[in-house]
Amino acid sequence: MSDAAIRLSDVHKSFGPTPIIMGVSLDIAPGERHAIIGPNGAGKTTLFNLISGRLPVTRGRIELYGQSIDGLPAHRINRLGLSRSFQITSIFPRMTVFENIRCGLLWSMGYRYAFWRLLGRERRLNDAAERLLADVNLESRRNLPAGLLSYAEQRALEIGITIAGGARTILLDEPTAGMSRSEANHAVALIRRVTEGKTLVMVEHDMSVVFDLADVVTVLVYGRIIASGPPAAIRANRAVRDAYLGAVAS
Amino acid sequence: MNETLAHPGTRPVATAGLAGFLQRHGAWILALAVALVLPWLFYDWSRARHSGFVVAMLSQMSMMAIFALSYNMQMGQAGLLSFGHAVFFGLGGYCTAHVLNAVKEGTFWLPTELVPLAGGLGGLAFAMVFGYVATKQRATAFAMITLGIGELVTACALMFKTFFGGEGGVSTNRMIGTSLFGLGYGPGIQVYYLIVAWTVIAIALMHLLTRTPLGRMANACRDNYERAQFVGYDPSMVRFVQFTLSGFFAGIAGALYALTYEIVTFDAVAGAMSANALLMTYIGGVGVFAGPVVGAVLITLLQSWVSLLSNSWLVYVGLLFILMVTFAPGGIAGLIAMHDPIWRSKRLGRLAVPYARVLVPGLIAVAGFVLLVELCSFLTIGAAQGKSFKLSGLTIDPQRPGAWLVGGALLALGGLGLWREGRGFRAVWESLMEEIKAAGRA
């Protein structure tokens, strides 16, 4: 048994002959807020895709609460309590905001592929969807097709869909990318609130968001971890400054 | 444009009881009333007989409405383009023919009224088998596999004579004498009312399906299958269940076909029938639940009525399909739905004149086109059949240039007018939309 929420052991990933992830080992403790940073092309999103089952690993092992999940299809990993958002907003654009949230709840509330129950009559489900809608501050947009929301609202909706299933482990891929300062501040507050008590892993470029939200920061450069630790230690780390932070500062 | 948009999460505060039911389903109830009354408008009182042609056409429309709606469970609701949907229609029909024959011989007892259920279960069973293969894939791969399945089953229909009866098909007799209501089902009108009853049941069930967890996730997988995976659903399983249920309803339609014609041949599983489902659904409109019903009525009308008037009716269906795909991808129902905001803001009257101005050159162009097509047809097929081209008493000789010139001139003139007036129409439409948007903001 392992006490880590997520444990990566010597994970490798290549696209054809091109290695992207070259031996990543990492433990993420339950309840931790973990940020993964690194320059463009470092493999952060690829790492997320490996953990969430969107891509198969080339070599190595991924465990979720001690259970091996590498090789499982994405929906099975999701059912084990790991949920994610995407760098490019991924919602159901033609459905209403409310329907989007409700779709996020269906599986976790045991509806499976039911074709003999009418959604409109499932009070427990609809109440849960209304609550979640309020949690992500989208009540006023309830009946609007999700594709018509503003960008920041769509990001908030995606976070809503991501947490709807009650997963213990949440992966957010650049949740504040493309947002204005005030929108990003709102998003950070939202993320902090709705991931209370859960394990949070996020890829983020915005350093103020990272140092605001994260307990642990891991720096990934060209498929390898060069440092991992509390934000203060990372900020002080020489190698990180040279490889990444320095470039941002200057 | 989207079914889910028309039904937001929980129902809006609706009038309770019967009044509310009538209000919400007014259009459907009206359609049912028309379906029930229509045969009597063509009743020949002097000879006390129904019009066989009208009853047959209405029966065909009704079963095709089920068939097209079942197709849209895949195409519109799940985003699956199938080229082999007739397989489940036809196999449902074959199963029904065999069940009818078995009941007739006394092998087992089944009321005539429940025979369509046998077709449905047949369609369901085969959809499980073929769906297991097809629904592992989506998009183009899915379309290719269904095309293959369609060809495969058509070939089998000619090879395995015990089940399919070879080229002659399987004949049957619907008068099995097991009616729960003591009906003989000899006259077509009795079968028609049985078809209407089953159509009501099938439409109601398919409509309810759109409001279930499965129906909603079918939409979700259509819109973004990857997101569906990351909320715990296996998109291929969603496709499989949806496909299987769609096969059930196609099988019911096939059963009604077997009851009506008392013979099922390989035509019922063949590519042309699958194409029919696609045409009806697309022309009717994939984005609105009732769209395929509109398509089924229109295409059946063309098939049974226009085909009497012209050899070239398929040319018109083909042209209509191309025009719809190009200019109105939402189908007829989509076009109607586009008028909804204008209707609700009580501005529909402002479109009357622009519509008339488009209609006149439109009709001229259509007349020119029809004349040219018919001239071609009489030059070739008509000549072979020894027919002559008569238009309100006037005999037209396709060998002489006069009619060709008139046709060409009408088409060119109408087309030019349509192009000009179409721009004017678009300007009026856009200004109306702007106006409504502005009114909505105020």
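Going by the structure above, here's the rest.
Here's what I pulled together on the structure shown here. Starting from 1, residues in each chain are numbered consecutively following that chain's sequence as written. Just so you know, chain letters begin at A and ligand numbers begin at 1, following the order they were written in. Reporting of local features is limited, given that this is a predicted model, to residues whose pLDDT is at least 70; pairs of side-chain atoms are given and counted only at 80 or more, and all residues count toward the totals for whole chains, interfaces and linings.

### Describing the overall build of chain B
Secondary structure elements follow DSSP: runs of H or I of four or more residues count as helices, runs of E of two or more count as strands, with numbering from the N terminus. On a plain count of helices and strands, chain B comes out with 18 helices and four strands. For a compact globule the rule gives 2.2 Å times the number of residues to the power 0.38, and the radius of gyration it is set against comes from C-alpha atoms. Relative to the globule expectation of 22 Å for 442 residues, the C-alpha radius of gyration of chain B, 24 Å, shows essentially globular dimensions. Projected onto its principal axes, the C-alpha coordinates of chain B cover approximately 65 × 65 × 50 Å. For every residue, the other C-beta atoms within 10 Å of its own C-beta are counted; 20 or more classify it as buried, 12 or fewer as exposed, and values in between as partly exposed. C-beta atoms are placed from the backbone. Looking at chain B as a whole, 42% of its 442 residues are labelled buried. Considering only contacts within chain B whose residues lie at least 6 apart along the sequence, 77% involve residues at least 24 apart. Any two residues are considered in contact once their C-beta atoms, placed from the backbone, lie within 7 Å.

### Here's the deal with the sheet that holds strand β3 (residues 33-37) of chain A
Residues and elements named next belong to chain A. Pairing between strands requires that DSSP locate at least two bridges from one strand to the other. Spatial strand order, β6-β7-β8-β3-β9-β10: six strands in an open sheet with mixed pairing. Only two strands of the sheet have a single neighbouring strand rather than two, namely β6 (82-84) and β10 (224-229). On average, adjacent strands in this sheet sit at an angle of 15° to one another, irrespective of strand direction. The sheet contact formed by β6 and strand β7 (residues 169-173) spans three bridges and is parallel. Each residue of the ladder has a partner; that of S83, found in β7, is I170. Angles run from 0 to 180 degrees between N-to-C directions of axes, and those axes are lines fitted to C-alpha atoms, restricted for helices to the stretch in contact. Of the strands in this sheet, β3, β6, β7, β8 (199-203) and β9 (216-221) are in contact with helix α1 (residues 44-51), which crosses β7 at around 150°.

### With respect to the environment of Y192 of chain B
All names here are of chain B. Note that Y192 resides in helix α9 (residues 188-209). Between the C-alpha atom of Y192 and that of V55, which follows or precedes it by 137 residues, the distance is 6.9 Å. Ignoring sequence-local partners within four residues, the contact set of Y192 consists of P39, V55, L58 and S59.

### Looking at the sheet that holds strand β1 (residues 6-15) of chain A
Residues and elements named next belong to chain A. Spatial strand order, β2-β1-β4-β5: four strands in an open sheet with antiparallel pairing. Sheet topology places β2 (18-28) and β5 (67-68) at the edges, where each strand pairs with a single neighbour. Alignment of β1 against strand β4 (residues 59-64), held across five bridges, turns out to be antiparallel. Each bridged residue has a counterpart across the sheet, and for H12 the counterpart in β4 is R59. Docked against the sheet, α1 engages β1, β2 and β4, running at close to 65° with respect to β2.

### What to know about the nonpolar core
Residue and element names in this part refer to chain B. By convention in this section, buried Ala, Val, Leu, Ile, Met, Phe, Trp, Tyr and Cys residues joined through C-beta atoms within 7 Å make up a nonpolar core. Membership of the largest hydrophobic core comes to 174 residues, with the highest contact counts inside it found for F67, A68, M217, A253 and V269. For A253, the contacting residues outside a window of four places in its chain are M63, I66, F67, S70 and F89. In this structure, I364, L371, A403 and L418 belong to the second largest nonpolar core, which totals eight residues.

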